[in-house]
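Here is how the chains run, residue by residue.
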Amino acid sequence: MPELPEVETTRRRLLPLLEGKRLLEVRHQDPLRYRHTERARERAVEGVGRRGKFLLLALSGGLEMVVHLGMTGGFRLEKTPHTRAEFLLEDGVLHFHDPRRFGRIWVVERGAYGEIPLLARLGPEPLSPEFRPEAFLQGLRRSRKPLKALLLDQTLAAGVGNIYADEALFRAGLSPFRLGREVSEAEALRLFQALREVLAEAVALGGSTLSDRTYQQPDGLPGGFQKRHAVYGRAGLPCPRCGAPIAKGVVAGRGTHHCPWCQR
DNA sequence: ATAGGCGCCTGTAAGC
DNA sequence: TGCTTACAGGCGCCTA
């Protein structure tokens, strides 16, 4: 699903298509999901940024378009049966594709995120220098939630979703069921490092495209990180480290994959 | 404070 | 074969 690496890949692909271009209009028939898009009419796109899983398009006149891809959202160069909105640009059309309609778009005054509470309280970017091991350790220790739930929370680190939470916990050798307040300092640091490594590798490979091909880049290219998944989507298959079958359970309502031998 | 469960959505896969 | 049911999950919301 679109998590930090997929959204970052999307941002990089959109950059040459959008930056410096004039947005004539955003067409759709769903004003509840795609809010205040009329404000974007005849605005220039001044920048294409990202915070966590949110895409942030800086628009002229001090406005900002915020896009969350939800589970199945993405931009495409071609119209699809699930095109939900069309971005009419001075030199072409960009299609917002979203079969399950969990994606959202807002146009707001730049930085005014009152309508988007999750964006307003987002934690640090895990690939930036603002992501500090001390604060991460404190955050884990303060909570009785399981580690998997803490990674999904967006408060300790922005942009982590189900795939990368499972993969980071595997690399750190930590069970997704372990409670935050029970981890040692060394374990917390392992998780901190593992998270950064997994996310950086996934960004370098263009994110993960699962077999349902839900996530694609705008030109239809798949990502490459799915080939490196050690546990996600591999229930019953051998652990790449020890060969034991990967187990599947539920944490925080999400399918959770781990190696019962390597992750304690 | 936090955990669990539901609802939103729709395509796909599994079960009968 | 054709139908029904389960499942995938990011996030908001409600309840205990």
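As the structure is a prediction and not an experimental result, all values here were calculated from the model. (Residues numbered from 1 in each chain as written. Chains lettered and ligands numbered in written order. Predicted model: local features only at pLDDT ≥ 70, side-chain atom pairs only at ≥ 80, totals over all residues. Heavy atoms only, no water.)

Caption draft 1: Main features of the pattern of salt bridges. Going through the model one piece at a time under the given rule, you end up with 19 salt bridges. Where Lys21 meets Asp91, a salt bridge forms, and the shortest distance between an N and an O atom there is 3.1 Å. A residue pair is termed long-range when its members are at least 10 positions apart, and Lys21 in the loop between α1 (4–18) and β1 (22–28) and Asp91 in the loop between β7 (83–89) and β8 (92–97) qualify at 70 residues. Asp91 sits in the partly exposed class, given a relative accessible area of 49%. Note that Arg51 and Glu125 form a salt bridge whose closest N and O atoms lie 3.1 Å from each other. Of this pair, Arg51 sits in strand β3 (residues 43–51) while Glu125 sits in the loop between α2 (117–120) and α3 (133–141); the two residues are 74 residues apart in sequence, bridging distant segments of the chain. (Salt bridge = Lys/Arg side-chain N within 4 Å of Asp/Glu carboxyl O. Helix = DSSP H or I, 4+ residues; strand = E, 2+ residues; numbered from the N terminus. Buried < 20%, exposed > 50% of the residue type's maximum accessible area, 1.4 Å probe, protein only.)

Caption draft 2: Spatial organisation of the packing of aromatic side chains. For the structure on display, the rule yields eight aromatic pairs. With a centroid separation of 6.3 Å and an interplanar angle of 50°, the aromatic rings of Phe54 and Trp106 are classed as tilted. Here Trp106 lies in strand β9 (residues 104–109) and Phe54 lies in strand β4 (residues 54–59), a separation of 52 residues in the sequence. Between Phe131 and Phe192, the ring centres sit 4.4 Å apart and the planes meet at 20°, which makes this aromatic pair stacked. Of this pair, Phe131 sits in the loop between α2 and α3 while Phe192 sits in helix α6 (residues 185–204), and the two are 61 residues apart along the sequence. Residue classification places Phe131 among the buried residues on the basis of a relative accessible area of 3%. By the ring-pair criterion, three or more aromatic residues cluster together here, those being Tyr34, Phe75, Phe87 and Phe96. One residue, Arg241, lies across the ring of Phe170, its end atom 4.8 Å from the ring centre. (Phe/Tyr/Trp six-rings, centres within 6.5 Å; stacked < 30°, edge-to-face > 60°. Lys NZ or Arg CZ within 6 Å of the ring centre and 35° of its normal.)

Caption draft 3: Focus on the protein's contact with DNA strand C. Around DNA strand C, the surrounding shell holds 14 residues, and the nearest of these are His68, Met71, Phe102, Lys248 and Arg254. By atom count, sugar and phosphate contribute 55% of the portion of DNA strand C lying within 4 Å of the protein. Here Arg100 contributes a side-chain N or O atom positioned 2.9 Å from a base nitrogen of DNA strand C. At 3.3 Å from a phosphate oxygen of DNA strand C is found a main-chain nitrogen or oxygen belonging to Gly255. (Near = heavy atom within 4 Å. Polar contact = N/O pair within 3.5 Å; in protein donor to acceptor, adjacent residues only side chain to side chain.)

Caption draft 4: Molecular detail of the protein's contact with DNA strand B. What surrounds DNA strand B is the set Arg33, His82, Arg84, Pro99, Arg100, Arg101, Phe102, Arg142, Arg144 and Lys145. Of everything in DNA strand B that lies within 4 Å of the protein, sugar and phosphate atoms constitute 72%. Between DNA strand B and His82 there is a distance of 2.8 Å, counted from a phosphate oxygen to a side-chain nitrogen or oxygen. Between DNA strand B and Arg101 there is a distance of 2.6 Å, counted from a phosphate oxygen to a side-chain nitrogen or oxygen. Its residues assigned to classes, the surface near DNA strand B comprises two nonpolar, one polar and seven charged. (Nonpolar A, V, L, I, M, F, W, Y, C, P; charged D, E, K, R; others polar.)

Caption draft 5: Inspection of the UniProt feature "domain: Formamidopyrimidine-DNA glycosylase catalytic" (unreviewed entry) in chain A at higher detail. On the UniProt side, "domain: Formamidopyrimidine-DNA glycosylase catalytic" (unreviewed entry) is annotated at positions that read residues 2–103 here. Within the segment residues 2–103, helix and strand shares are 15% and 45% respectively, and the terminal C-alpha atoms sit 10 Å apart. (UniProt positions renumbered as here; feature names shortened; annotations may be inferred.)

Caption draft 6: View of the domain arrangement of chain A. Here the domain parsing of chain A yields domain 1 (4–120) and domain 2 (133–258). Look at where the C-alpha atoms of domain 1 and domain 2 centre, and you get two points 27 Å apart. Contact with domain 1, which involves 18 residues of that partner, is made by 18 residues of domain 2. Summed over both partners, the interface of domain 1 with domain 2 buries about 1,600 Å², with 62% contributed by carbon and sulfur atoms. The largest share of the area that domain 1 buries against domain 2 comes from Pro5, Glu6 and Arg76, three residues that together contribute 32% of it. (Domains from an automatic or database assignment. Contact = heavy atoms within 4.5 Å. Buried area = accessible area lost by both parts, 1.4 Å probe.)

Caption draft 7: Structural detail: the nonpolar core. Judged by nonpolar contacts, the single largest core of 32 residues is most densely connected at Phe136, Leu140, Leu191 and Leu195. Those elements giving two or more residues to this core turn out to be α3, α4 (147–152), α5 (162–172) and α6. At nine residues, α6 tops the list of elements feeding residues into this core. Those residues in contact with Phe136 that lie beyond four places of it in its chain are Phe131, Leu151, Leu156, Ala188, Leu191, Phe192 and Leu195. Counting residues in hydrophobic clusters, the runner-up holds 24 residues, among them Ala40, Val48, Leu55 and Leu94. (Core = buried A, V, L, I, M, F, W, Y, C linked by side-chain atoms within 4.5 Å.)

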